[in-house]
Amino acid sequence: MISAIPDAALDFINVGEGSSARRIAVRHRAGQASGQGPGVVWLGGFKSDMQGGKAVALDGWAGEHGRAAVRFDYSGHGESSGDFAQGTIGSWLEDSIAVFERFCTGPQILIGSSMGGWMALLLAREIKKRSGKASLAGLVLIAPAPDFTEELMWKNFSPEVKREIETKGFWLRPSEYGDGTPYPITRKLIEEGRNHLVLGSAIDLGCPVRILQGARDPDVPWQHAFALTHRLPADDVVLTLIQDGDHRLSRPQDIARILAAVAEIG
């Protein structure tokens with residue numbers, strides 16, 4: 001008789017101090033035994049949470065294969081505290097580092113979706129600098145959006161939108177996701193994001209990278225994924241272009257490709 005896979009444990013950690021203090025929600029499961037392969041860490045997208053289809057599927061796969069798994073919500077997202085409008089790339093990176101250092105041990109594969117692809121690159125760079133209990137085994141990036149605040153937002157905004165952000169401090173962007181409620185793009189998000197741009201120079205992470213990109217992605221064009229590959233070392237970097245794929249890449253066949261990429265790394 002096959003025993004049921006237990007649910008991932010829900011936990012909370014405190015990140016930041018003073019007025020920037022926030023409570024970050026984390027779901028994690030321990031690996032069942034050594035030799036099952038690296039743990040997996042899910043890094044979600046802008047305005048997404050850890051209960052999305054890809055994150056839940058990854059967690060279920062990890063449970064079936066006896067692997068450790070960690071997923072969490074950035075501040076201002078999902079079950080974590082904080083105001084979304086106050087969030088920045090830097091504060092969400094701080095959340096990511098804190099979760100990684102608290103819950104991860106041994107080799108880890110970072111799986112980043114959309115903004116989470118940028119976050120995975122930044123987190124991987126931080127992991128390389130530090131000598132902690134966890135290490136980097138590889139990256140799987142899904143419609144990765146590094147530098148999106150500059151390359152995909154600011155440079156494409158109309159003069160009117162730019163003026164509104166500069167004068168009011170934010171612009172309410174229409175949304176085609178979730179309940180369709182417009183959400184704020186703040187001057188703070190744009191300006192602080194410039195501290196974390198990665199596409200201007202080589203990105204040498206010293207580990208395998210797998211990128212999955214939809215050719216019909218309306219939010220992150222496939223050319224953006226190509227630009228990223230040009231910044232990564234040529235060895236052990238594979239870009240898979242899914243001809244009929246959209247931005248979400250959450251269909252069963254897309255999720256199967258994502259899990260296959262994770263398994264390929266280790």
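Residues numbered from 1 in each chain as written. Predicted model: local features only at pLDDT ≥ 70, side-chain atom pairs only at ≥ 80, totals over all residues. Heavy atoms only, no water.

### Some details on the overall build of the protein
Put simply, the rule reads: To qualify as a helix, a DSSP run of H or I must reach at least 4 residues; to qualify as a strand, a run of E must reach at least 2; elements of each kind are numbered from the N terminus. Note that the radius of gyration is over C-alpha atoms, with the globule rule given as 2.2 Å times the number of residues to the power 0.38. For each residue, the accessible area found with a 1.4 Å probe, counting protein chains only, is set against the maximum for its type, and the residue is called buried under 20%, exposed over 50%, and partly exposed in between. A contact between two residues is defined here by any heavy atoms of the two lying within 4.5 Å. Here Asp and Glu are counted as negative and Lys and Arg as positive; His is not counted, and neither are the chain ends. Working definition for charges: the position is that of NZ of Lys, CZ of Arg, CG of Asp or CD of Glu.
On a plain count of helices and strands, the protein comes out with eight helices and 10 strands. Taking 2.2 N^0.38 as the reference for a compact globule, 266 residues should give roughly 18 Å; the C-alpha atoms of the protein span a radius of gyration of 18 Å, in line with that estimate. A principal-axis box enclosing the C-alpha atoms of the protein has dimensions of 60 × 45 × 35 Å. The buried share of the protein, taken over its 266 residues, is 51%. Of the contacts formed within the protein by residues at least 6 apart in sequence, a portion of 73% connects residues at least 24 apart. Here the protein contributes 28 positive and 32 negative side-chain charges, whose respective centroids are spaced 1 Å apart.

### What to know about the packing of aromatic side chains
Formally: Two aromatic rings, drawn from Phe, Tyr or Trp (for Trp, its six-membered ring), form a pair once their centres lie within 6.5 Å of each other, and the interplanar angle then sorts them: stacked below 30 degrees, edge-to-face above 60, tilted otherwise. Each ring is checked for a lysine NZ or an arginine CZ that lies within 6 Å of its centre and within 35 degrees of its normal; such an atom marks a charge sitting over the ring.
Applying the stated criterion to the full structure yields 12 aromatic pairs. Taken together, the ring pairs in this structure connect Phe-46, Phe-72, Tyr-74, Phe-84, Trp-92, Trp-118, Phe-148 and Tyr-183 into an aromatic cluster. If you follow Lys-47 out to its NZ or CZ, it ends over the ring of Phe-84, 4.6 Å from the centre.

### Focus: unusual backbone geometry
Backbone geometry at Asp-147 places phi at a positive 60°, although glycine is not the residue there. Checked against the element boundaries, Asp-147 lands in the loop between strand S6 (134-142) and helix H4 (148-153). Assessed through its relative accessible area of 3%, Asp-147 is described here as buried. A positive phi angle, near 45°, is found at Leu-249, a position not held by glycine. As for its position among the elements, Leu-249 is in the loop between strand S10 (237-242) and helix H8 (252-265).

### As for a nonpolar patch on the surface
Stated formally: Any residue with relative accessible area above 30% and no salt bridge may belong to a patch, with like charges joined within 9 Å and the nonpolar Val, Leu, Ile, Met, Phe, Trp and Tyr side chains within 5 Å. Throughout, the Shrake-Rupley method with a 1.4 Å probe supplies accessible areas, and for residues the shown protein chains are the sole cover considered. Each reported salt bridge corresponds to a side-chain nitrogen of Lys or Arg within 4 Å of a carboxyl oxygen of Asp or Glu.
Taken together, the side chains of Trp-222, Phe-226 and Leu-241 present a nonpolar region at the surface, about 250 Å² in accessible area. Position of Phe-226 relative to the elements: it lies in helix H7 (residues 222-229). According to the relative accessible area criterion, Phe-226 is partly exposed, its value standing at 32%.

### Structural notes on the environment of Phe-100
One can find Phe-100 in helix H2 (residues 89-103). What makes Phe-100 buried here is its relative accessible area of 6%. Note: C-alpha distance between Phe-100 and Gly-53 (47 residues apart in sequence) is 22 Å. Contact partners of Phe-100, with chain neighbours within four places excluded, come to Val-41, Gln-108, Leu-110, Leu-123, Ile-127, Ala-134 and Ser-135.

### Quick word on the sheet that holds S10
The following threshold applies: DSSP bridges decide pairing: two strands pair if at least two such bridges lie between them. Helix axes are fitted to C-alpha atoms over the stretch in contact, other axes to C-alpha atoms as well, and angles between N-to-C directions run from 0 to 180 degrees.
Taken in spatial order, the eight strands of this open sheet run S1-S2-S4-S3-S5-S6-S9-S10, and their pairing is mixed. The two strands at the open ends of the sheet, each matched to only one other strand, are strand S1 (9-15) and S10. Going from strand to strand, the sheet's axes swing by 20° on average, the running direction of each strand aside. Judged from the six bridges that link them, strand S9 (residues 209-214) and S10 form a sheet pairing that is parallel.

### Looking at the pairing of S9
The element S9 is extensively covered by neighbouring structure, given that six of its six residues are classed as buried. The side-chain alternation of S9 yields two buried faces, one formed by Val-209, Ile-211 and Gln-213 and the other by Arg-210, Leu-212 and Gly-214. Sheet analysis places S6 next to S9, joined by four bridges and oriented parallel. Within S9, the residue paired with Leu-139 across the bridge is Val-209.

### A few points about the packing of H2 against helix H3 (residues 115-129)
Each pair of packed helices can be described by the angle between their axes along with the distance between the axes. Selection criterion: For classification purposes, angles smaller than 35 degrees are called roughly parallel, those larger than 145 roughly antiparallel, those between 65 and 115 roughly perpendicular, and all remaining angles oblique. For any pair of crossing helices, the crossing counts as left-handed if the nearer helix is rotated counterclockwise from the farther one by less than a right angle, and right-handed if it is rotated clockwise. Amino acids outside the nonpolar list (Ala, Val, Leu, Ile, Met, Phe, Trp, Tyr, Cys, Pro) and the charged list (Asp, Glu, Lys, Arg) are all regarded as polar, and Gly is one of them.
Running from amino to carboxyl end, H2 crosses H3 at an angle of 60°, the nearest separation of the two axes being 10 Å. With respect to H3, the element H2 is oriented oblique. Considering how the two elements wind past one another, H2 and H3 form a crossing that is right-handed. Contacts from Ile-89, Trp-92, Leu-93, Ser-96, Ile-97 and Phe-100 of H2 reach H3 at Met-115, Trp-118, Met-119, Leu-122, Leu-123, Glu-126 and Ile-127. Partitioning the contact of H2 with H3 into residue classes produces 11 nonpolar, one polar and one charged.

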